[in-house]
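Inside the fold
Read off the chains here:
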Amino acid sequence: MGPELPSKAGQAPSLLKVQNLTKRYVQGGWFSRHQFEVTALENVSFALRRGTTLALVGESGSGKTTLGRCLARLVNPNSGEIWFEGRNLLALSSGALLKARRQIQLVFQESAAAMNPRLSAVEIVSEPLLIQERLRRKERRERALAMFERVGLSPLWADRSPLEFSGGQRQRLAVARALILDPTLLILDEALSGLDLSIQMHMANLLLALQSSLSLTYLFISHDLRLAAYVATEIAVMQRGKIVESGSVVDVFSNPKHSHTRLLIDTIPGSGGERV
Amino acid sequence: MFLRATPRIVLPALVGLHLVVLLAGFFAPYDFASQNRMLPFAPPTRIHIIDSQGKLHARPFIYQWKATAEGVPQYKEDHSAVFPIRFFVSVPRYEIVGIVGFRWRLFGVETPARIFLLGSDAYGRDQLSRLLYGGQISLFAGPLATVISLSLGILLGATAGYYGSWIDEVLMRFAEVFLALPWLYLLFAVRAFLPMHAGPNQIFILLIVVIGVIGWARPARLIRGIALSAREREYVLAAKSFGASDAYILRRHILPQVSGVALTQAALLIPRYVLAEVTLSFLGLGVAEPAPSWGNMLAALQHYEIIGSYWWMSLPALALIPVFLAYYSLLAYYTVQDSSISEAIWKHREGFRPI
C-alpha cells in the first residue's frame with residue numbers, strides 16, 4: 001500500500017483521491033502557425049469516499065468527460081496525481097494498470113456508439129472477461145447471462161444485435177458490461193442523459209440498488225442537477241476545467257456559494273428561478 | 001434480384017474455370033510444348049459425324065489437315081482416313097501443377113492426326129492446350145498478386161490508420177508516391193531491374209511479387225481510412241478501458257470492418273493484375289517461350305499478317321473477356337453491398353442487418 005490517505009474521523013476512507021489534475025489539448029496541426037492550447041482540466045482536486053456517489057455537474061465543455069476519461073486512464077493528463085486504493089494510477093506499470101482497470105469501469109453516454117454493432121449483446125457484455133480473464137466462451141456466456149438478469153434484461157435477448165435494443169435497455173447492457181469485472185468504482189459519464197424521464201428514473205433506481213447490493217462507488221457525471229441530486233450524496237460543480245464548488249448535495253443546493261452554481265440551480269426547469 | 005444472385009452464379013463459374021486451368025494436363029489434348037513443324041498455323045479442326053461418302057458415324061471424327069501448297073500454311077482436309085475422337089485416352093505420365101502424376105487426358109485422336117480445336121500456332125502447337133496451360137500463369141497471377149497486395153495493404157493501412165501521428169504521415173506519403181507514379185510504367189521499371197532469364201516458375205513468382213507489391217498503396221489508403229474512423233469509435237475506447245491491447249482492438253473491432261473493402265478491392269485488383277501479367281508477357285518481360293501465358297501467346301499478333309490471316313491466334317484475348325466480366329460483376333456486387341445503399345435497400349427486405 002502507498003501513503004496513508006487522509007480521512008475524516010468516522011467516515012469511510014477515500015477510495016479515490018485526485019490531486020492537481022491538469023489536462024491541456026493542443027489545437028492546430030504540425031505546420032500550422034496558429035497552434036493554441038485548450039485547458040480542459042486545471043488543477044482539479046477532489047476525493048471520493050468508498051460507497052458514496054459524487055456527482056460532477058457543469059455545462060458541456062466544462063471538462064467533466066475529460067476528467068472521467070483521465071480517471072479511466074483513456075486520456076493522459078499533463079500533470080497531477082490520481083490515487084486509487086493507495087496507488088497512483090499515473091505511475092503504474094502496464095501490468096499493474098491492466099489489473100487496476102478491472103476496478104474502474106466507465107459507462108458512456110451514447111450506448112449505441114459504445115457497442116460494436118457487429119457483436120451480439122452477450123459478446124458485448126462479456127468482452128471485458130475476454131480481455132481480462134481469457135475465459136472460455138461458455139464460461140463468459142454464463143457470467144454475462146447472470147449479469148443480464150442482474151440489470152433486468154432477459155437472457156433470451158442475449159444473441160441480438162445491440163441495435164435491436166431500445167435506448168434504456170441498451171444502457172442496462174452498458175451497465176452490465178461495466179459490472180461484469182466486479183469493479184469498485186463506476187464512472188457514469190452522462191449515462192442517463194439520452195433517456196426519457198421515466199426510463200431515467202428506472203435506471204437511476206437500478207443504479208442505486210446495484211450500489212447498495214454490490215457496494216459500488218459512483219462518479220456520476222451529468223449536466224442535469226435534478227438527477228445528480230437524486231443519485232448523489234456529494235456534488236462538485238465544474239466550470240471551464242475547474243471545480244468551483246463542492247460539498248454535500250444538501251449544502252450545495254440549499255446554500256450555493258459560487259455564482260455559477262447559483263446559475264445552474266436557477267436554470268433547472270420549474271425551479272422558480274429566473275428564466276434565461 | 002439478379003444482383004443478389006451474382007455471387008451464386010459467378011463464383012462457381014470462376015472457381016470452375018480456375019479448376020479447369022489448374023487441371024490443364026487433363027483437359028488439354030497435348031503438352032504445351034509439343035510441336036508439329038508440318039502443321040504451322042493450322043485452322044481449327046472440324047469435327048464431323050458424316051464422312052465424305054455421306055456415311056454416318058456413331059463416333060465423331062476428324063480428318064487430318066494436308067498442306068495444299070509448298071511453304072505456305074494452307075490446308076485442306078485429307079479424306080483418305082477417318083480419325084475418331086477418343087475420350088480418356090491413355091498417355092505417358094505427366095504431372096498436374098508439378099505435384100500429382102497422371103496418365104489420362106480427356107480426349108485425343110490417334111497419330112499421325114492431330115486435333116487442334118482452336119487451331120495451331122507457328123510451330124504447330126495446339127492453341128487450346130497452350131491456352132489452358134497459359135491460364136495457369138495468367139489467371140492465377142491475378143488472385144495470388146492480389147493476396148500480396150491486400151495483405152500489405154491491410155497490414156500497412158491498419159497500422160497507419162490505427163497508430164496515426166508520424167507513422168501515418170510516413171506511410172501515406174510513401175503510398176502517395178506509389179499512387180502518383182503511373183502504375184504500369186512503374187511495373188515495367190521495377191521489372192527491368194530484376195533478372196530476365198530464369199525458369200518459368202521463378203519468373204511467375206517474381207511477377208506476382210512485383211505486381212502485388214507495387215499495388216499495395218490503394219488498398220492501404222482505403223483501409224487506413226476505415227481504421228482511422230474505427231479507432232475513434234467509443235466501443236474502441238470502451239475496449240481500451242477494459243485493458244485491451246492494440247492487437248486485440250485491431251483483430252476484433254477494426255479488421256472485421258475491412259472485409260467489405262477488401263472484397264471490393266480484390267474484385268477490382270484481380271482482373272487488373274491478370275491484365276498486368278498478360279501485358280508483361282506480351283512485351284517479353286514475363287514468362288518466356290516455350291512456356292505459354294496468354295500474354296506471350298498474343299505476342300505473335302504483333303505481326304500484321306498473323307492478325308490478318310489466322311483469326312484463331314487472337315483467341316487468348318477473347319478468353320480474357322469472360323474472366324473480366326465475371327470479376328467486374330463481382331465488383332459491382334460487392335460495391336453495392338459495401339455501400340450504404342445496400343443498408344437502405346436491405347433494411348426493408350429482411351430487417352436491419354449491419355453489413
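Quantities reported herein were computed from a predicted structural model and do not represent experimental measurements. (Residues numbered from 1 in each chain as written. Chains lettered and ligands numbered in written order. Predicted model: local features only at pLDDT ≥ 70, side-chain atom pairs only at ≥ 80, totals over all residues. Heavy atoms only, no water.)

1. Considering the overall build of chain B
To keep it simple, the criterion reads: Numbering of helices and strands starts at the N terminus; helices are DSSP runs of H or I of at least 4 residues and strands are runs of E of at least 2. Each residue's exposure class comes from its accessible area (1.4 Å probe, protein chains only) as a fraction of the maximum for that residue type: buried when under 20%, exposed when over 50%, partly exposed otherwise. Residues count as neighbours in contact if any of their non-hydrogen atoms are within 4.5 Å of one another. With residues, only the protein chains shown are counted as cover, and all accessible areas are computed by Shrake-Rupley using a 1.4 Å probe. Neither His nor the chain termini are counted; the positive set is Lys and Arg, and the negative set is Asp and Glu. Think of each charge as sitting on NZ of Lys, CZ of Arg, CG of Asp or CD of Glu.
For chain B, the helix and strand inventory stands at 13 helices and five strands. With respect to the three principal axes, the spread of C-alpha positions in chain B is 85 × 50 × 40 Å. In chain B, which comprises 355 residues, the proportion classed as buried is 47%. For chain B, the share of sequence-separated contacts (at least 6 apart) that also reach a separation of at least 24 residues comes to 67%. Accessible area of chain B: about 17500 Å², with a carbon and sulfur share of 66%. The averaged location of the 21 negative side-chain charges in chain B is 5 Å from the averaged location of its 29 positive side-chain charges.

2. Some points on the sheet that holds strand E7 (residues 185–189) of chain A
Residues and elements named next belong to chain A. Condition: Strands are treated as partners if at least two bridges between them are detected by DSSP. Helix axes are fitted to C-alpha atoms over the stretch in contact, other axes to C-alpha atoms as well, and angles between N-to-C directions run from 0 to 180 degrees.
What the six strands build is an open sheet, ordered E6-E7-E8-E3-E9-E10; its pairing is mixed. Two strands lie at the open edges of the sheet, namely strand E6 (104–107) and strand E10 (242–248), each paired on one side alone. Across the sheet, the mean angle separating the axes of adjacent strands is 15° when strand polarity is ignored. Bridge count between strand E3 (residues 53–58) and strand E8 (residues 217–222): five bridges; the pairing is parallel. Counted as the bridge partner of Leu56 is Ile221 from E8.

3. Observations regarding the pattern of salt bridges
Worth spelling out the cut-off: Any carboxyl oxygen of Asp or Glu that lies within 4 Å of a side-chain nitrogen of Lys or Arg is treated as forming a salt bridge with it.
Here the structure, examined in full by the defined rule, presents 18 salt bridges over all chains. For A:Arg24, the salt bridge identified is with A:Glu37, shortest N-O distance 3.5 Å. Here A:Glu37 lies in strand E2 (residues 36–49) and A:Arg24 lies in strand E1 (residues 14–27), a separation of 13 residues in the sequence. Residue classification places A:Arg24 among the partly exposed positions, given a relative accessible area of 33%. One salt-bridge network, held together by shared partners, links B:Asp121, B:Arg125, B:Arg130 and B:Glu289.

4. Side note on the sheet that holds strand E3 (residues 75–84) of chain B
All names here are of chain B. The three strands lie next to each other as E1-E2-E3, forming an open sheet whose pairing is antiparallel. Bordering the open sheet on either side are strand E1 (48–50) and E3, each of which pairs with just one other strand. Recorded for the sheet is a direction-independent mean angle of 50° between the axes of neighbouring strands. Sheet analysis places E1 next to strand E2 (residues 56–67), joined by two bridges and oriented antiparallel. Each residue of the ladder has a partner; that of Ile50, found in E2, is Leu56.

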